[in-house]
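Structural overview
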Amino acid sequence: MKPLIVIFPLSLILFFSCGLGHPDKRVTAENAYEGVNKYCHDVYDWSAAKEIPSIMYVEMGAESDSAYEVVFRSYTGATVHFYVDKATGKTRIVEKVPLLNIENEAGTIDLLEYLEKKEN
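What comes next is a walk through the structure.

**A word on the sheet that holds strand S5 (residues 102-110)**
The sheet built from five strands is open, its strands ordered S1-S2-S3-S4-S5 with antiparallel pairing. The open sheet terminates on both sides in strands that have one partner only, identified here as strand S1 (57-63) and S5. Averaged over neighbouring strand pairs, the angle between their axes works out to 25° when direction is ignored. Here strand S3 (residues 79-85) runs beside strand S4 (residues 90-97); their pairing, made up of six bridges, is antiparallel. Bridge assignment links Phe82 to a residue of S4, and that residue is Ile93. Here helix H2 (residues 29-43) sits on the sheet in contact with S1, strand S2 (67-73), S3, S4 and S5, set at roughly 145° to S1.

**As for the packing of aromatic side chains**
According to the stated counting rule, one finds five aromatic pairs in the structure shown. Here Trp46 and Phe72 contribute two aromatic rings whose centre-to-centre distance is 5.5 Å and whose plane-to-plane angle is 55°, an arrangement assigned as tilted. With Trp46 in the loop between H2 and S1 and Phe72 in strand S2, this residue pair connects regions lying 26 residues apart in the sequence. Judged on exposure class, the residue Trp46 and its partner Phe72 are both buried. Cluster of aromatic residues (ring-pair linked, three or more members): Tyr39, Tyr44, Trp46, Phe72, Phe82 and Tyr114. The ring of Tyr68 has Lys86 sitting right over it, with the charged end atom 4.8 Å from the ring centre.

**Let's talk about the nonpolar core**
Counting residues in each nonpolar core, the largest one holds 19 residues, and the members touching the most others are Val36, Cys40, Phe72 and Phe82. Elements that contribute at least two residues to this core include exactly H2, S2, S3 and helix H3 (111-116). Looking at this core, the element that brings in the most residues is H2, giving four residues. The residues touching Phe72, leaving out its near neighbours within four places in the chain, are Cys40, Tyr44, Trp46, Met56, Tyr57, Val58, Ala78, Thr79, Val80 and Phe82.

**Some points on the pairing of S5**
Relative to S5, S4 runs antiparallel, the two being bridged by eight bridges. Considered in S5, the bridge of Lys96 is made with Glu103. Between the end of S4 and the start of S5, which pair antiparallel, lie four residues, with Asn101 showing a positive phi angle near 55°.

**Re a nonpolar patch on the surface**
A contiguous nonpolar surface patch, about 350 Å² in accessible area, is contributed by Leu99, Leu100 and Ile102. Checked against the element boundaries, Leu100 lands in the loop between S4 and S5.

**Things to note about the pairing of S1**
Of the pairings in the sheet, the one linking S1 to S2 comprises five bridges and is antiparallel in character. Within S2, the residue paired with Tyr57 across the bridge is Arg73. The turn linking S1 back onto S2 is made up of three residues.

About the thresholds
Residues numbered from 1 in each chain as written. Predicted model: local features only at pLDDT ≥ 70, side-chain atom pairs only at ≥ 80, totals over all residues. Heavy atoms only, no water. Pairing = 2+ DSSP bridges. Helix = DSSP H or I, 4+ residues; strand = E, 2+ residues; numbered from the N terminus. Axes fitted to C-alpha atoms, helices over the stretch in contact; angles between N-to-C directions. Contact = heavy atoms within 4.5 Å. Phe/Tyr/Trp six-rings, centres within 6.5 Å; stacked < 30°, edge-to-face > 60°. Buried < 20%, exposed > 50% of the residue type's maximum accessible area, 1.4 Å probe, protein only. Lys NZ or Arg CZ within 6 Å of the ring centre and 35° of its normal. Core = buried A, V, L, I, M, F, W, Y, C linked by side-chain atoms within 4.5 Å. Patch = residues over 30% accessible without salt bridge, like charges linked within 9 Å, V, L, I, M, F, W, Y side chains within 5 Å. Areas by Shrake-Rupley, 256 points an atom, 1.4 Å probe, with all protein chains shown as cover. Salt bridge = Lys/Arg side-chain N within 4 Å of Asp/Glu carboxyl O.

Below is the structure:
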């Protein structure tokens, strides 16, 4: 009986110290937008948008129970869709070229890394 008295509280401490069960650890819509926006400004060349800023942008897309969609539109008309897992921040990237009906999986990123980055 004594081992259970010790193991149960220790397991609860471990469970909560890993961030599980904490709703405030979930990624918010604002976090998803901010992280993807930072990623896009780090990775893509925004020089084409200097004269016409509306030619490139980042905007929120659809939301499901488990993920946010954030969309980057390039000056070429192509879009990159970021599907941000609300619980983990793991983000799946899908590139789409609507005019050519092309869709490619482009990898994943950890959104939390971009949320932790400081502005330059």
